[in-house]
Amino acid sequence: MAVYYRDDVVQVTSESIRVGGLAVAIADVTYVWHAKGRSTLAVRGRILGRGVLVLLLSLPPLVAVVCALALAWSVPERGWQPVLLALVACLVVALALTPFLEIPLSWLDRSYERGNRVHELWVQAHGREVLLLRTPDALRFGQIYRAVQRAVERHVDGRS
């Protein structure tokens, strides 16, 4: 028996697909497909969180440009030396803080990996359509869907 995917809830082997308490024999599966499911609160929250994060990451550069323009506008009153010193100091601080962007950018990246919709995995077994899995996690869904496809393909080809 080959194991194609396994986690706490889902197990896909060369013999069966088990999701929670439901088990479907690979030999009984005649067709596999996926569909877009209804959105959930978790998905909407992820999209909202992504928007807030993009806004928070976009504001500091915008504020910096406005401050630099205001400093440049004040050159006739203050002179070039204080304005250039202030701009250089701001640039040094910005460069020093740049490595700390890694954390929110990794959150943003992970948010896109998880997707922005609910995915459903369906199979046809014994002439009935069976919903096996419904998840908002796009990465996990892709792994499970591909594992089911491999298991069914290898069973049809006789390479169990």
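Residues numbered from 1 in each chain as written. Predicted model: local features only at pLDDT ≥ 70, side-chain atom pairs only at ≥ 80, totals over all residues. Heavy atoms only, no water.

A short note on the nonpolar core
Val-12, Ile-17, Val-32, Leu-121, Leu-132, Leu-133 and Val-148 are the most contacted members of the largest nonpolar core, which has 23 residues in total. Contributions of two or more residues to this core are made by β1 (3–6), β2 (10–13), β3 (16–19), β5 (29–37), β6 (118–125), β7 (128–135) and α5 (138–157). Element by element, the count of residues in this core is highest for α5, at seven residues. With residues up to four places along the chain from it excluded, the contact list for Leu-132 reads Ile-17, Val-19, Leu-22, Val-24, Leu-121 and Val-123. (Core = buried A, V, L, I, M, F, W, Y, C linked by side-chain atoms within 4.5 Å. Buried < 20%, exposed > 50% of the residue type's maximum accessible area, 1.4 Å probe, protein only. Helix = DSSP H or I, 4+ residues; strand = E, 2+ residues; numbered from the N terminus. Contact = heavy atoms within 4.5 Å.)

Considerations on the state of the cysteines
The term disulfide refers to a covalent linkage connecting the sulfur atoms of a pair of cysteines. This structure, assessed with the given rule, holds zero disulfides. Unpaired in terms of disulfides, Cys-67 finds its nearest cysteine sulfur in Cys-90, a separation of 7.1 Å. Residue classification places Cys-90 among the partly exposed positions, given a relative accessible area of 49%. (Disulfide = S-S within 2.5 Å.)

Some thoughts on the environment of Asp-28
Relative to the elements of secondary structure, Asp-28 occurs in the loop between β4 (22–25) and β5. For the pair Asp-28 and Ala-125, spaced 97 residues apart in sequence, the C-alpha to C-alpha distance is 5.1 Å. When near neighbours in sequence (up to four residues on either side) are disregarded, Asp-28 contacts Gln-124, Ala-125 and His-126.

Description of a nonpolar patch on the surface
Among the surface-exposed residues, Leu-48, Val-52, Leu-55, Leu-56, Leu-59, Leu-62 and Val-66 lie close enough to one another that they form a single nonpolar patch of about 660 Å² accessible area. Counting through the fold element by element, Val-66 comes out in helix α1 (residues 41–73). You can call Val-66 exposed: its relative accessible area is 51%. (Patch = residues over 30% accessible without salt bridge, like charges linked within 9 Å, V, L, I, M, F, W, Y side chains within 5 Å. Areas by Shrake-Rupley, 256 points an atom, 1.4 Å probe, with all protein chains shown as cover. Salt bridge = Lys/Arg side-chain N within 4 Å of Asp/Glu carboxyl O.)

Remarks on the side chain of Ser-74
Tracing the backbone shows Ser-74 in the loop between α1 and α2 (75–78). Residue Ser-74 is classed as buried on the basis of its relative accessible area, which comes to 9%. Those residues in contact with Ser-74 that sit more than four places away from it in its chain are Gly-79 and Val-83.

Details of the pattern of salt bridges
Within this structure, the stated rule accounts for three salt bridges. A salt bridge links Asp-7 to Arg-140, with the shortest nitrogen-to-oxygen separation between them at 2.7 Å. Within this pair, whereas Asp-7 is found in the loop between β1 and β2, its partner Arg-140 is found in helix α5, the two being separated by 133 residues in sequence. Put simply, Arg-134 and Glu-120 hold a salt bridge, and the shortest N to O gap is 3.2 Å. Separated by 14 residues along the polypeptide, Arg-134 in strand β7 and Glu-120 in strand β6 bring together distant segments of the chain. A residue is classified by how much of its surface remains accessible, and Arg-134, at 38% relative accessible area, is partly exposed.

Some points on the packing of aromatic side chains
Counted by the stated rule, this structure contains three aromatic pairs. Taking 6.1 Å as the distance between ring centres and 10° as the angle between the ring planes, the aromatic pair formed by Trp-33 and Trp-122 counts as stacked. Of this pair, Trp-33 sits in strand β5 while Trp-122 is found in strand β6, placing the two residues 89 residues apart along the sequence. These aromatic residues form a ring-pair network of at least three members: Tyr-31, Trp-33 and Trp-122. (Phe/Tyr/Trp six-rings, centres within 6.5 Å; stacked < 30°, edge-to-face > 60°.)

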